[in-house]
Structure formats: structure tokens, C-alpha cells
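Observations on chain architecture
This is what each chain is made of:
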Amino acid sequence: MKTRIKELRARDNLTQVELAQKVSVRRETIVFLEKGKYNPSLKLAHDVSKVFNMKIEEVFIMK
Amino acid sequence: MKIKHNSLVSFIPSIIGIILLSLWAYMSKYPIDTIGYFIFGGSILIICIGLYFKIQRLNNEKSGLTSDDELSKKIKEKATSKAFIFSVYMWVFIILFLINLEPRVKIILGLGLLGMGLIFSLNWLYYSKFGVSDEDTD
């Protein structure tokens, strides 16, 4: 699974820590999400997409 | 965010472990043999890995982040399940081979328990570094 989280963070000027705080996870979780090494739960995927004001499928791209 | 009391309290077992190990090494009447070095080294490794995770937890809390989330729980579950399987293999190995080489039951049990601790700690470290994939069918 690919994600656009890193690109969207740069767009919105958010650090990994700030994004982690907004979605109530650890910084390490954001790192794994960005690398595509972790498939988040529906709730986490929804929360992350909400931060960027985008749809889930626009942030998380299934290969 | 206020550092949770639990995070600081969780350092206590590691500190006690270090103190006990140091006392054991210092007060031992006999010179430490190969098994003793293995036990000492393995215990230090387990304590160091534990301290690494505790410090990571503390850093997360200092940054105002949660110390436990869905991924950390998934990692612990995966590490625990893998550790159980590897521990079973380890005990089979000990019972089949090691018990003939080392007749002292206390040493065998101690090595087995230390081995289980090491297996879990190393699995936890591995999955923390490389992540847990839903496609992982091992």
C-alpha cells in the first residue's frame, strides 16, 4: 500500500509529531504509515484523511 | 503533557534487575563460568532492550503523544505469538539435547527462562523496527 502522507504533510507544513498528535498515535506509527509498512485501521485511516481534508482513497492508495 | 506516573514506575524493575545482577556478580563466591557469563550477558541484553522501549515511551509522552496505540499493541501481539512458537522449539531442544550435557535442573530451568525472555525481547525489537504487515502469514 502506498500513501501520500509525506507529501500532504509537506503541503500543510505538518511535522510527524504534529500529525501524530492530531490522530492520537505515536510518531513511529506515522513513520510506518509513510513508508507503507503498516495497514492502518479504518478509524486511523479516516482520522488521517480528515486532517488533510481528503478522502481515504486519495491518501491511501492500494497497489 | 504530564509524563504519566506509570512510565516512570516502569523503570523500577529494570533498575532492580541491574542492581541484583551487579550484586550477584560482585558477591559470587566462585569464579563465573561460561554459563554464568551467558546468563549475565543475556540478562543485561533483556534489560537494555526493555530500557530502550521505556525511554522511547517516555520520549513519546514528553512530546505530548500517546505511548500506546494500535500499532504498538499489534507489534506486542505479534512478538508474543512468535516468541511462544520459538520458545516451544527452544524447550524441545533443551529437553532433547541440553539436559544430557548439563544435569543441574536449576541451571536448565534458568537458561530456559532466560531464553524465553531473550526470544520475546528480540522479537519485540524486530517487529518494532520492521513493522507488522497484515499480509504477514508466518
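The coordinates are above.
Here the structure is a predicted model, which is why all the values come from computation and not from measurement. (Residues numbered from 1 in each chain as written. Chains lettered and ligands numbered in written order. Predicted model: local features only at pLDDT ≥ 70, side-chain atom pairs only at ≥ 80, totals over all residues. Heavy atoms only, no water.)

**Examining the interface of chain A and chain B**
Counting from both sides, the interface comprises 16 residues of chain A and, opposite them, 22 residues of chain B. In total, about 1,400 Å² of surface goes out of reach between chain A and chain B, with carbon and sulfur atoms giving 50% of it. One salt bridge connects Asp69 of chain B with Arg26 of chain A, and the closest N-O pair in it is separated by 3.3 Å. At the boundary of chain A and chain B, one finds 6 residue pairs in polar contact (both at pLDDT 80 or more). Taken together, the elements giving at least two residues each to the side of chain A that touches chain B come down to helix H2 (16-23) and helix H3 (27-35) of chain A. Per-element accounting of the side of chain A that touches chain B gives the leading share, 4 residues, to H3 of chain A. Grouping the constituent residues of the side of chain A that touches chain B by class yields 7 nonpolar, 5 polar and 4 charged. (Contact = heavy atoms within 4.5 Å. Buried area = accessible area lost by both parts, 1.4 Å probe. Salt bridge = Lys/Arg side-chain N within 4 Å of Asp/Glu carboxyl O. Polar contact = N/O pair within 3.5 Å; in protein donor to acceptor, adjacent residues only side chain to side chain. Helix = DSSP H or I, 4+ residues; strand = E, 2+ residues; numbered from the N terminus. Nonpolar A, V, L, I, M, F, W, Y, C, P; charged D, E, K, R; others polar.)

**Focus: the packing of helix H4 (residues 70-101) of chain B against helix H5 (residues 105-130) of chain B**
All names here are of chain B. Here H4 crosses H5 at 150 degrees, and the two axes come no closer than 8 Å. Put simply, H4 runs roughly antiparallel to H5. Here H4 runs over H5; the crossing is right-handed. For the contact of H4 with H5, the residue count by class is 18 nonpolar, 6 polar and 3 charged. (Axes fitted to C-alpha atoms, helices over the stretch in contact; angles between N-to-C directions. Parallel < 35°, antiparallel > 145°, perpendicular 65-115°, else oblique. Left-handed = near helix turned anticlockwise from the far one by under 90°.)

**What about the packing of aromatic side chains?**
All names here are of chain B. A complete count under the given rule lists 6 aromatic pairs over all chains for this structure. Judged by centre distance (5.3 Å) and plane angle (45 degrees), the rings of Phe93 and Phe97 are tilted. Linking Phe93 with Phe97, this pair stays in helix H4, spanning 4 residues, or about one helical turn. Connected via pairs of aromatic rings, a cluster forms that spans Tyr52, Phe53, Phe120 and Trp124. (Phe/Tyr/Trp six-rings, centres within 6.5 Å; stacked < 30°, edge-to-face > 60°.)

**Comments concerning the nonpolar core**
In this structure, Ile5, Val48, Phe52 and Phe60 of chain A are the most contacted members of the largest nonpolar core, which totals 25 residues. Contributions of two or more residues to this core are made by helix H1 (5-12), H2, H3 and helix H4 (42-51) of chain A together with H4 of chain B. Among residues more than four places away in sequence, those in contact with Phe52 of chain A are Ile5, Leu8, Arg9, Arg11, Asp12, Leu14 and Leu19 of chain A. In this structure, Ala83, Met90, Ile94 and Ile108 of chain B belong to the second largest nonpolar core, which totals 5 residues. (Core = buried A, V, L, I, M, F, W, Y, C linked by side-chain atoms within 4.5 Å. Buried < 20%, exposed > 50% of the residue type's maximum accessible area, 1.4 Å probe, protein only.)

**Here's the deal with the side chain of Arg9 of chain A**
Summarising the element assignment, Arg9 of chain A is placed in helix H1. Once residues lying within four places of it in the same chain are set aside, the contact partners of Arg9 of chain A are Leu14, Thr15, Gln16, Leu19, Glu34 and Phe52 of chain A.

**Quick notes on a positive patch on the surface**
Among the surface-exposed residues, Lys6, Lys35 and Lys37 of chain A together with Lys129 of chain B lie close enough to one another that they form a single positively charged patch. Checked against the element boundaries, Lys37 of chain A lands in the loop between H3 and H4. (Patch = residues over 30% accessible without salt bridge, like charges linked within 9 Å, V, L, I, M, F, W, Y side chains within 5 Å. Areas by Shrake-Rupley, 256 points an atom, 1.4 Å probe, with all protein chains shown as cover. Lys, Arg positive; Asp, Glu negative; His and termini not counted. Charge placed at Lys NZ, Arg CZ, Asp CG, Glu CD.)

**Details of the pattern of salt bridges**
According to the stated counting rule, one finds 8 salt bridges over all chains in the structure shown. One salt-bridge network, in which partners are shared between bridges, spans Arg26 and Glu28 of chain A together with Asp69 of chain B.

**Side note on a nonpolar patch on the surface**
Residues and elements named next belong to chain B. Among the surface-exposed residues, Val9, Ile12, Ile15, Ile16, Ile19, Leu20, Leu23, Tyr26 and Met27 lie close enough to one another that they form a single nonpolar patch of about 930 Å² accessible area. For the nonpolar patch, the element with the highest residue contribution is helix H2 (residues 11-27), accounting for 8 residues. If you trace the backbone, Leu23 turns up in helix H2. A residue is classified by how much of its surface remains accessible, and Leu23, at 40% relative accessible area, is partly exposed.

**Focus on H1 of chain A**
Residue and element names in this part refer to chain A. All of the buried residues in H1 are Ile5, Leu8 and Arg9. Each buried residue of H1 sits inside an arc of 105 degrees when the element is viewed along its axis, so together they form one side. More than 90 degrees from the buried face of H1, the exposed residues found are Lys6 and Ala10. Residues of H1 that are buried sit in contact with strand S1 (2-3), H2, H3, H4, helix H5 (56-59) and strand S2 (60-61). Taken from the residues just after H1, Asn13 is the one with a positive phi, measuring 60 degrees. (Arc of directions from axis to C-beta.)

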